[in-house]
Amino acid sequence: MLITYSRPETIGHDVDPEAPAADLDPTGATCDASTYDVGGVPWRCTRRPGHTDDEHRAAFELHGDGPAGAVAFAWAYDWGGAGYGPASPEPVHTVTVTVTFPQSAIGVDADRITADVLSSFWECDHDHVRVEVTEK
C-alpha cells in the first residue's frame, strides 16, 4: 500500500487545502475498498464506486474527527490499474512449493501456511492469488 495523503493532526476541524477532493457519490454509494494505516487504524474508501484511478480516499463522516466530507486518508495499492486490484486478474505466473516435514512435527497448520504465502502479495491481489494446500 502506498499512502498518498494523511491529514495532519494539527489542523483539527479546519479544511486542509492540500487534501485531495473527496469524490463522494451523491447517492452515498461507496467504493468500499479498505486498508489499515501503519498505526493499525482501519480505513474504508468513501469515493464513488467505479472511480477510474487507483487512489482510494476515506472522508470524514458527520461528527467525525474532522470536517464532514473532507479526506482524512488516501492510499493506492499499486500502479497496476484503475479501481483496486491488478490491471488484469488473469494468472501469469505459477510457483510450486512443496513442503515436507516429519510425522513428528506438531502444530503444522495448513491455513497458516496459506496465510504465510498470501502475505507475500499486495492485499488487493489476494482475491486473484490461488494457494492450494494438499495434505497427504
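Up top is the structure these notes are about.
Thresholds applied
Residues numbered from 1 in each chain as written. Predicted model: local features only at pLDDT ≥ 70, side-chain atom pairs only at ≥ 80, totals over all residues. Heavy atoms only, no water. Helix = DSSP H or I, 4+ residues; strand = E, 2+ residues; numbered from the N terminus. Buried < 20%, exposed > 50% of the residue type's maximum accessible area, 1.4 Å probe, protein only. Contact = heavy atoms within 4.5 Å. Areas by Shrake-Rupley, 256 points an atom, 1.4 Å probe, with all protein chains shown as cover. Phe/Tyr/Trp six-rings, centres within 6.5 Å; stacked < 30°, edge-to-face > 60°. Core = buried A, V, L, I, M, F, W, Y, C linked by side-chain atoms within 4.5 Å. Pairing = 2+ DSSP bridges. Axes fitted to C-alpha atoms, helices over the stretch in contact; angles between N-to-C directions. Patch = residues over 30% accessible without salt bridge, like charges linked within 9 Å, V, L, I, M, F, W, Y side chains within 5 Å. Salt bridge = Lys/Arg side-chain N within 4 Å of Asp/Glu carboxyl O.

(A) Structural context of the overall build of the protein. When helices and strands are tallied, the protein shows one helix and five strands. Ordered by position in the sequence, the α and β elements of the protein form the string β-β-β-β-β-α. Buried residues in the protein amount to 26% of all 136 residues. Of the contacts formed within the protein by residues at least 6 apart in sequence, a portion of 49% connects residues at least 24 apart. Accessible area of the protein: about 9600 Å², with a carbon and sulfur share of 53%.

(B) Representation of the packing of aromatic side chains within the structure. If you walk through the whole model with that rule in mind, you get two aromatic pairs. Where tryptophan 43 meets phenylalanine 73, the ring centres are 5.0 Å apart and the plane angle is 15°; that geometry is what we call stacked. Highlighted residues: tryptophan 43 in strand 3 (residues 42-44) and phenylalanine 73 in strand 5 (residues 71-76), separated in sequence by 30 residues. For phenylalanine 73, a relative accessible area of 2% corresponds to the buried category. Three or more aromatic residues joined by ring pairs make a cluster, and in this case those are Trp43, Phe73 and Trp75.

(C) A look at the nonpolar core. Cys31, Ala33, Cys45, Ala58, Phe73, Trp75 and Tyr77 together form the largest nonpolar core, which totals seven residues. Membership of the second largest hydrophobic core comes to five residues, among which are Tyr5, Ala22, Val71 and Ala74.

(D) Representation of the sheet that holds strand 1 (residues 2-6) in the model. Taken in spatial order, the three strands of this open sheet run 1-5-4, and their pairing is antiparallel. The open sheet has two free edges, formed respectively by strand 1 and strand 4 (55-59), since each of these has just one partner strand. Across the sheet, the mean angle separating the axes of adjacent strands is 20° when strand polarity is ignored. Note that strand 1 and strand 5 share four bridges and pair antiparallel. Note that in strand 5 the partner of tyrosine 5 across the bridge is alanine 74.

(E) Here's a closer look at a nonpolar patch on the surface. Taken together, Val95, Val97, Val99, Phe101 and Val108 make up a surface patch of nonpolar side chains, about 500 Å² in accessible area. Among the structural elements, valine 95 can be located in the loop between strand 5 and helix 1 (110-118).

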